[in-house]
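# Reading the structure
One-letter residues, chain by chain:
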Amino acid sequence: MNSLDVVGQYGLSNALPILCGVALIKIEKQKTNDINRKQDFIALLDEVVEKSKFKLLPELKNWVTLTSSSLDDNVFFAIYNAANRHSALDIMDYFNKVVNGHMFGSRLHSVKNNESLSKLAISIINLNKDETFLDPVATKDGAWLQILKKDSNQEITLQTLQPLEACLAYLNAKANHGKNVKIYNQNILIGPKYINENKELIHFDGSIAAPPLNLRMPSNLINNSYNLFKYGEIGSTSTDWGFVSSVLGSLNKKGRAAVFLANGSLFGAGNRKRVRNNVLRDDKIEAIISFPERFFVDALIPINLMVFNNHKTNMKNKIIFIDANQPEWIQRGKVNNSLTSKGIEKIIDLTKSPRDILNISKVKSIDECQDTLMVNKYVTKDHIKIDGQEYDLNLDALNQRETVPIKEKVNIQRGYNMMRNKEDPNSYLKVLKISDFKEDESINYAALTGVKDSGNKALDEYRIHKNDIIFSVRGSLGKVVFIENEPTIPTIISSNVVIIRAKDKTIEPKWLYLYLNSLFTKYFLRKTESGTTVSILTVRDLEKLPIAVCSKEKQEEMIDFYDKKNEQVVALQSKLQEEKDEFKSQLGEMLGSDKVFLRKK
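Right, let's walk through the structure included here. (Residues numbered from 1 in each chain as written. Predicted model: local features only at pLDDT ≥ 70, side-chain atom pairs only at ≥ 80, totals over all residues. Heavy atoms only, no water.)

## A look at the packing of helix α2 (residues 38-51) against helix α3 (residues 57-70)
Our working rule: Axis angles are defined between N-to-C directions and span 0 to 180 degrees, where every axis is a line fitted to C-alpha atoms and, for a helix, only to the segment in contact. Secondary structure elements follow DSSP: runs of H or I no shorter than four residues count as helices, runs of E no shorter than two count as strands, and numbering proceeds from the N terminus. Between 65 and 115 degrees an angle is taken as roughly perpendicular, under 35 as roughly parallel, over 145 as roughly antiparallel, and anywhere else as oblique. Only heavy atoms matter for contacts: two residues are in contact if any of them lie within 4.5 Å across the pair. We call Asp, Glu, Lys and Arg charged. Ala, Val, Leu, Ile, Met, Phe, Trp, Tyr, Cys and Pro are nonpolar, and the rest, Gly among them, are polar.
As a packed pair, α2 and α3 sit with axes 10 Å apart at the nearest point and diverge in direction by 175°. Judged by the angle between their axes, α2 and α3 are roughly antiparallel. Residue-level inspection shows Lys38, Phe41, Ile42, Leu45, Asp46 and Val49 of α2 in contact with α3, the latter providing Leu57, Pro58, Lys61, Val64, Thr65, Ser68 and Ser69. When grouped by side-chain class, the residues that make up the contact of α2 with α3 number 7 nonpolar, 3 polar and 3 charged.

Pasting the structure below:
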C-alpha cells in the first residue's frame, strides 16, 4: 500500500487540496518546509503563487486555502506531515491514481483516463522526440503525461477547459521535470490560445484528445477563430465534431491525431453529419477502433478511437474499421476494462498493415461510409448472440440467399413526434408508443394516450389500419405488431415506431410480419443499430433490410403453417392454464381456504 493512502481516512476531498498545496511548494521552492501553524502554510502558498510565472495558480491557491481553513488543526497537520515526507512526483502520482473528474463536480470536465487506451493512441500517432504535441482539451494527466514521463524534453502544448485542470496539469508537468510544456486555459470552441508572436495559429505534429462527452454550449459562444471549423458550422449539439475540427485545424501538413468519441458521434444528421462527411470526403480518417463499455471509469458507454492523418499514404480514400472487443484483447476489471498488451499489439499491427479479418477488421472505401461510421456496420461476423442464444453463421449460405431491399416491397411511414403538451386524455384520437406493445404482440389499447389536435387532417398519414405492421425503431428495436383487424379506436404512431405497409399484392402482410420476427431480421438489426445509450435504427437503414424473394404461394403456405401451429399452441396454453388453476384450487382445499374464502357464483 502507498504510504500516502493514510490520508484517505480524512476524506479525499479534504486531503487532496492539501497534497496539491504541498506539491506546489516543493516544486516552486525546491526544498522541504517544516511549519508549525496553518497560517505558515497559507503564507508559503501566497509566496510561491506570487512569484510563479504560471498565472492561473490563484485558482489552485483558493481551493487549497479554503479547504485548509475549514480543517481541524490535528487533521490538517496529519495530512500535511504525510505529504511532506514525499516528493512532489510521489504526491502527484498518488493524486492521479485516486482522482476522477466527478470528484470536483463541474470544475473538471474529463472522464478518468484509461492508461491502456492512452498507450495505444501514443503508439498509433508514433511521435518522434523532436516533434510537437497538442492536447486542446487537456486534463490533469492522460496521454500527454505518459509522453512526458518518457521524454521530459518533448514539446507539449495543453489547453484545458477549466482553470483548476490547468493548475493540476502544471503540477504534473513540473513534478515530472517537463522542460517544454506550455499550458493554456480556455474552451477550444471559444478559441485557441496557442498563438505565436505574429498572432498566427501554431500547428503540431501530433495530437491525442478525449473531448468531454455530451457537452452542450450556447452556439453564440462557439467562435470560428483561425478557421478551425472549416468542415462546417458547429452547433450546440455537435460540439463533439467541433473538438475534432479543432484538432484537425491545429495539425501541420503531416500531422496525426487520435480522438476518443462516443458512438453518437459516428452517426446522426444535421450539423454533425455535415461536418463528419466533409472530414470523410477530405480523406482525413485513417482508422476507427471500437471498444466496449466501461473503458473510462465515469463513462460507462462504449467508446471509439478515431485516427486522423493529414498525410495518408497506403490508405488513400480508405478507412479500416477495427472491433477491439475480442476475448484476448480485453482485460475485464471490477471497475473498468483495459486493453491487454496483446490487444495493443494487434491493433497497432492492423493500423500499420490494414486488412480484412473475419470478426475483427474491415477496410472500406470512404464512398461506402457516408451514412455511418459505426464499426459494427462494417466488420463481418460469423457468430452472433440473439435473444440470449449464441449462433454460428454460415456466411456462404447467408450471401447466397436471394433477397431484395425491403423498400422495394413496402412503404415505411415515420411516426408522429408526440410532445407532452400535445397529450389530451379525453381525445378520441390515440397515439401508440412502444410501451403499449403487449407481450403477446398485440396492442394495449386501453393504455393509449390521447392526442390534443385530434381534428388535424395532417395526422391521418400516421393512422394505423388493417394489415399494417408496426415496428419499433428506437429503444427496444424490432418489436413487431401485426394489425390483423381495423382498429376500433382511431390510432396514430409515435416517433419511436414506424408503419410498414405492403405496396402491392405480391407480398402478403402477415408473411412480412413473420419475416420481421425472424432471425434474419434480428441479425440485420444487430449489425445495423446505432446509439450511445439508446439503440436507434434509422429509416434509411431499415429501408435496406434484405427480405427473401418468395412466391405468393410459398408465403401463403408459411402463413397457413403458422396459423395452424399457433392455434394449437394457444389451445395447449389454455389447457395448461386450466390445469394450473385446478391444482391451485385443490391445494387451497387441502389448506382449508375453501372454508373461509367462498367463491361468488
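Next comes the rest of the write-up.
## Regarding helix α9 (residues 239-249)
Definition in use: Partly exposed describes any residue whose relative accessible area lies between the buried limit of under 20% and the exposed limit of over 50%, with all areas from a 1.4 Å probe on protein chains only and scaled to the type maximum.
The element α9 is largely enclosed, with a buried count of 11 among its 11 residues. Within the sequence span of α9, burial applies to Thr239, Asp240, Trp241, Gly242, Phe243, Val244, Ser245, Ser246, Val247, Leu248 and Gly249. In the core, the buried residues of α9 are packed alongside β1 (132-138), β4 (204-209), β5 (251-262), α10 (270-281) and β7 (303-309).

## Quick word on the sheet that holds strand β16 (residues 430-432)
What counts, and what does not: For two strands to be treated as a pair, DSSP must find at least two bridges joining them.
What the 3 strands build is an open sheet, ordered β17-β16-β20; its pairing is mixed. Two strands bound the open sheet, and with one partner strand each, they are β17 (449-450) and β20 (491-493). Where β16 lies against β20, 3 bridges are found, and the strand directions are parallel. Its bridge partner lying in β20, Lys430 is registered against Thr491.

## Digging into the packing of aromatic side chains
Two aromatic rings, taken as a pair, are described by how far apart their centres are and by the angle between their planes. Convention followed: When the centres of two rings from Phe, Tyr and Trp lie within 6.5 Å, Trp using its six-membered ring, the rings pair. Their planes under 30 degrees apart give stacked, over 60 give edge-to-face, and anything left gives tilted.
Going through the model one piece at a time under the given rule, you end up with 12 aromatic pairs. Relative to Tyr80, the ring of Phe41 lies with its centre 5.6 Å away and its plane at 75°, an arrangement referred to as edge-to-face. In this pair, Phe41 is assigned in helix α2 and Tyr80 in helix α4 (residues 73-84), connecting sequence segments 39 residues apart. Residue Phe41 is classed as buried on the basis of its relative accessible area of 0%. Among the residues examined, Tyr80 registers a relative accessible area of 3% and is labelled buried. Taken together, a centroid distance of 5.3 Å and an interplanar angle of 50° make the contact between Phe291 and Phe295 tilted.

## A word on the pairing of strand β21 (residues 497-502)
Relative to β21, strand β15 (residues 410-413) runs antiparallel, the two sharing 4 bridges. Looking at β21, one finds that Ile412 is bridged to Ile500. Across 4 bridges, the pairing between strand β18 (residues 469-472) and β21 is antiparallel. Looking at the pairing, Phe471 lines up with Val498 of β21.

## Considering the nonpolar core
Operational definition: For this analysis, a nonpolar core means a set of buried residues of the types Ala, Val, Leu, Ile, Met, Phe, Trp, Tyr and Cys, connected via side-chain atoms within 4.5 Å.
Residues Phe41, Leu60 and Phe291 are the most contacted members of the largest nonpolar core, which totals 85 residues. Counting residues per element, this core draws most heavily on helix α1 (residues 12-29), at 10 residues. Sequence-distant contacts of Leu60, defined by excluding residues within four places in its chain, comprise Cys20, Leu24, Leu164, Cys167, Leu168 and Leu171. If you look at the next biggest cluster of nonpolar residues, it comprises 42 residues, including Leu161, Met217, Phe229 and Val259.

## A few points about the pattern of salt bridges
Formally: Salt bridge, as applied in this entry: a Lys or Arg side-chain nitrogen positioned within 4 Å of an Asp or Glu carboxyl oxygen.
Scanning the model with the defined rule gives 28 salt bridges in all. Between Lys362 and Asp356 there is a salt bridge whose closest N-O contact spans 3.4 Å. Residue Asp356 is classed as partly exposed on the basis of its relative accessible area of 45%. Ionic pairing is found between Asp371 and Lys544, a salt bridge with its closest N-O pair at 3.0 Å. Here Asp371 is found in the loop between β11 (361-365) and β12 (383-386), whereas its partner Lys544 is found in the loop between α15 (539-542) and β22 (546-548), with 173 residues between them in sequence. For Asp371, a relative accessible area of 26% gives the class partly exposed. The structure contains a network of salt bridges with shared partners spanning Lys29, Glu47 and Lys51.

All we've got here are geometric facts, nothing functional implied.
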